[in-house]
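So you can see what is in the structure, the chains are spelled out below.
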Amino acid sequence: MILVTGATGNYGKSVIKFLLNKGVSPSNISALVRSEEKSADLKEKGIKLKVGDYSDYDSLLLAFEGIDKLLFVSGSDIMARTAQHKNIVKAAQSAKVKHIIYTSFIRNINVENSAIAYLQHAHLKTENWIKLSGINYTILQNAPYLENITLFLGKNVIDTGVISLPAKAGKSSAVLREELAEAAAQILTTGGHENKVYPLTNTDPYSFKEVADILSLITGNDIMYNSPNADNYRKTLEEFGVPKEYINLLTTFSVAQAEGDLELYNNNLKIILGRKPQTVKEYLEKVYLK
């Protein structure tokens, strides 16, 4: 029995879709959800719903009973994530889960020096807890989602003709969320992945200067890229009334890219998928060529 946590999120739903496409019977898939009422679409597919919350240990213990493979999708609540993840690993041990597949994040520099240390600390701790648990594991160190690039570019980038981010000349190995979900489904349905750590990245990293050049080419508009000082960038966003959480996200990930934390070269994802991941140029063409 496979249990997918975060099953109502975009990633979790995609993993379930790929599992079904690969011929896994719905009766062999469970989904951890917070509310059955909001998960009717999964229930209609024949997926068994298990109600649980990362912050509620007892609900996790009950949900994990009889589970062979647990796809542990990392929590989205940054402040509560570490405590929640500890709950999950402890409950998986007590329920005698046989294999944990955990969605972590790529690391390319020391966590203490990372601009996104607030994100990396929880992932590093969780990976260590899983490795010490005695449970077979597969760590999926996912690259950033390529779909999020439009958030960094801004919805009016074609009209303004400017990409302004403190990412300097740094590159990102971002990958489509769909392809990361497909890789997870492949790992869940094949053997030989026990006690492995897989950084999953694109084979063609990009800089925002390259993104500006691609957008200029495919739209016919001149798109410029500039990289302001991170503090000045924050102040500009504050002046425009951008919510604090978005300012922090955009700034820290841009600085992480500038410092090389988001660029990692390997072929793991290409090997698992059996093809090259979609490039940033291919994705931008889909978004902006309509």
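Residues numbered from 1 in each chain as written. Predicted model: local features only at pLDDT ≥ 70, side-chain atom pairs only at ≥ 80, totals over all residues. Heavy atoms only, no water.

Draft legend 1. View of the sheet that holds strand β1 (residues 2–4). Here we have 7 strands laid out as an open sheet, ordered β3-β2-β1-β4-β5-β6-β9, and parallel in their pairing. Edge positions in the sheet fall to β3 (48–51) and β9 (196–200), since each has one partner strand and no second. The sheet shows a mean angle of 20 degrees between the axes of neighbouring strands, direction not considered. Pairing analysis gives 7 bridges linking strand β5 (residues 99–105) to strand β6 (residues 136–142), with the strands arranged parallel. Paired with Ser104 across the two strands is Gln141, which belongs to β6. (Pairing = 2+ DSSP bridges. Helix = DSSP H or I, 4+ residues; strand = E, 2+ residues; numbered from the N terminus. Axes fitted to C-alpha atoms, helices over the stretch in contact; angles between N-to-C directions.)

Draft legend 2. Representation of the environment of Asp53. Inspection of the secondary structure assignment puts Asp53 in the loop between β3 and α3 (57–63). Asp53 gets classed as partly exposed once you look at its relative accessible area, which sits at 24%. Note: C-alpha distance between Asp53 and Ala63 (10 residues apart in sequence) is 9.6 Å. When residues no more than four places from it in sequence are discounted, the contact partners of Asp53 are Arg34, Ser59 and Leu60. Within the structure, Asp53 has its side chain in polar contact with the backbone nitrogen of Ser55 (distance 2.7 Å). (Buried < 20%, exposed > 50% of the residue type's maximum accessible area, 1.4 Å probe, protein only. Contact = heavy atoms within 4.5 Å. Polar contact = N/O pair within 3.5 Å; in protein donor to acceptor, adjacent residues only side chain to side chain.)

Draft legend 3. Main features of the pattern of salt bridges. With the rule as written, the count across this model stands at 12 salt bridges. In this structure, Asp41 engages Lys13 in a salt bridge whose closest nitrogen and oxygen atoms are separated by 3.2 Å. With Asp41 in helix α2 (residues 40–44) and Lys13 in helix α1 (residues 10–21), the pair connects residues that are 28 residues apart, well separated along the chain. Across the pair Glu210 and Lys171 runs a salt bridge, and its minimum N-O distance is 3.4 Å. In this pair, Glu210 is assigned in helix α9 (residues 208–219) and Lys171 in strand β8 (residues 171–172), connecting sequence segments 39 residues apart. (Salt bridge = Lys/Arg side-chain N within 4 Å of Asp/Glu carboxyl O.)

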